[in-house]
Amino acid sequence: MSFAICLQNVHKVYNNISVVTDLSLTIHPGEIFGLLGPNGAGKSTTIRMLTTLTQPTQGDIVVAGYDVVRQPAGVKKQIGVVLQQTSVDTDLTVWENMEFHGRMHHIPRHRRQQEIKRWLEYVELADRRSDLVKTLSGGMKRRLQIARALLHQPQILFLDEPTVGLDPQTRRRLWEIIKGLNQQGMTILLTTHYMEEVEYLCNRIGIIDSGSLIELGTLPELRQKHGEGLLMKQNGDRWDYMFFPTLPEAETYLSQQNNKTGMMVRPSNLEDIFVELTGRNLD
Ligand code: ADP
């Protein structure tokens, strides 16, 4: 299989409003791909289409070799999904949650027990196996969701805003788990509006705004394209940005200014590129 996920000219319309517009995108096996965009950009809708929860209004989507509209059962077998709203059952124990999911996927008993143990150990929840989920912290619940999504040995993992609302330390721990899974060969598609998450985790990034893909590439590619050096200039209560191909070029420009008040130079980052492209901040 030359691609893990392929979208061709995908549209999604809700109540005559286009929420995803002509989205074409290929994600390769073994990638961690980040779909980045502000709230309401269409990220969750895209994930919902890829995971067969809603059908595209138009266009083709193939996931792990299966068409999402014609072969949804094939897709479901090959994917693990962690959505923001799919919560774990808080009145069951950690183990019971895993057991329930394993039975839903008809995993035979012996293998089910092995896999539950394996994934609870991987996300460091083995010692909490008998605890009710309602006694777990937010980060632990998210780890349980990830363990559960991996139980049926999917090829592709979808994570919708995996670390939203978590403290920085917990977020970092989840990043390590996600990175580790990828190193074991898992293809991962995640949505986020956290820059650092993308910078730390993602091989490639798609920036989505108002339902359209407006930029695609690796972070170095995007920085090279838009400029690696940035001059910030305070203008009243806002900052004006000027991109330069390299940081030294930005520094040279600054050094040549007679009045350097309110000016500073630094390497550009993804947020700068996003603001440049959309005129808006991510949050
Ligand atoms: P994101 O995940 O990037 O925040 P979403 O995909 O959740 O964006 O939403 C994109 C747009 O689609 C929003 O304007 C949202 O209100 C709208 N939308 C999402 N789901 C539905 C639905 N089931 N019915 C109608 N509109 C929806």
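Note that this is a predicted model, so its numbers are computed, not measured. (Residues numbered from 1 in each chain as written. Predicted model: local features only at pLDDT ≥ 70, side-chain atom pairs only at ≥ 80, totals over all residues. Heavy atoms only, no water.)

Draft legend 1. Quick peek at the overall build of the protein. Per the secondary structure count, the protein includes ten helices and 13 strands. Its C-alpha atoms put the protein at 75 × 45 × 35 Å along the principal axes. Buried residues in the protein amount to 49% of all 283 residues. Counting only contacts in the protein whose residues sit at least 6 apart along the sequence, the fraction spanning at least 24 positions is 66%. (Helix = DSSP H or I, 4+ residues; strand = E, 2+ residues; numbered from the N terminus. Buried < 20%, exposed > 50% of the residue type's maximum accessible area, 1.4 Å probe, protein only. Contact = heavy atoms within 4.5 Å.)

Draft legend 2. Structural view of the domain arrangement of the protein. By the assigned domains, the protein splits into domain 1 (5–221) and domain 2 (228–267). A straight line from the C-alpha centre of domain 1 to that of domain 2 covers 39 Å. (Domains from an automatic or database assignment.)

Draft legend 3. Fine view of the sheet that holds strand β9 (residues 204–209). Overall, mixed pairing links the six strands, which are arranged β6-β7-β8-β3-β9-β10 in an open sheet. What marks the edges here is a single partner per strand, and that holds for β6 (79–82) and β10 (212–217). Strand-to-strand, the axes of this sheet are offset by a mean angle of 15 degrees, without reference to chain direction. Bridging between strand β3 (residues 32–36) and strand β8 (residues 187–192) involves five bridges; their strand directions are parallel. In the sheet register, Ile32 faces β8, and the bridge partner there is Ile188. Relative to β6, helix α5 (residues 138–150) is tilted by about 165 degrees, and along the sheet it contacts β6 and β7 (156–160). In the packing of helix α10 (residues 270–278) onto the sheet, contacts are made with β3, β9 and β10, and the angle to β9 comes to roughly 35 degrees. (Pairing = 2+ DSSP bridges. Axes fitted to C-alpha atoms, helices over the stretch in contact; angles between N-to-C directions.)

Draft legend 4. Region of interest: unusual backbone geometry. Despite not being glycine, Asn15 shows a phi value in the positive range, around 45 degrees. If you trace the backbone, Asn15 turns up in the loop between β1 (5–14) and β2 (17–27).

Draft legend 5. Expanded view of the packing of aromatic side chains. All told, the structure shown has three aromatic pairs when counted by the stated rule. Centroid distance Trp175 to Tyr200: 5.1 Å. Interplanar angle 25 degrees. Geometry classified as stacked. Of this pair, Trp175 sits in helix α6 (residues 168–183) while Tyr200 sits in helix α7 (residues 195–201), and the two are 25 residues apart along the sequence. (Phe/Tyr/Trp six-rings, centres within 6.5 Å; stacked < 30°, edge-to-face > 60°.)

Draft legend 6. Quick look at the nonpolar core. Judged by nonpolar contacts, the single largest core of 47 residues is most densely connected at Leu120, Leu144, Leu181, Ile188, Ile205 and Leu270. Among the elements that line this core, the one with the most residues is α5, at six residues. Shared between two domains, this core takes at least three residues from each, and those domains are domain 1 (5–221) and domain 2 (228–267). Excluding residues within four positions of it along the chain, Leu144 makes contact with Val88, Val94, Asn97, Met98, Leu120, Leu125, Val133 and Leu136. Ala4, Val19, Val63 and Leu189 belong to the second largest nonpolar core, which has 26 residues in total. (Core = buried A, V, L, I, M, F, W, Y, C linked by side-chain atoms within 4.5 Å.)

Draft legend 7. Representation of the site of the ligand in the model. Lining the immediate surroundings of the ligand are Tyr14, Asn15, Val19, Pro38, Asn39, Gly40, Ala41, Gly42, Lys43, Ser44 and Thr45. A distance of 3.0 Å separates an oxygen atom of the ligand from a polar atom in the backbone of Ala41. Here Gly42 contributes a backbone N or O atom positioned 3.0 Å from an oxygen atom of the ligand. Take the shell around the ligand: its biggest share by element is three residues, from helix α1 (residues 43–50). (Near = heavy atom within 4 Å. Polar contact = N/O pair within 3.5 Å; in protein donor to acceptor, adjacent residues only side chain to side chain.)

Draft legend 8. Structural view of the side chain of Gln145. Tracing the sequence through the fold places Gln145 in helix α5. By relative accessible area, Gln145 is classed as buried at 6%. A distance of 3.4 Å separates a polar atom in the side chain of Gln145 from the backbone oxygen of Leu83. A distance of 3.0 Å separates a polar atom in the side chain of Gln145 from a polar atom in the side chain of Arg142.

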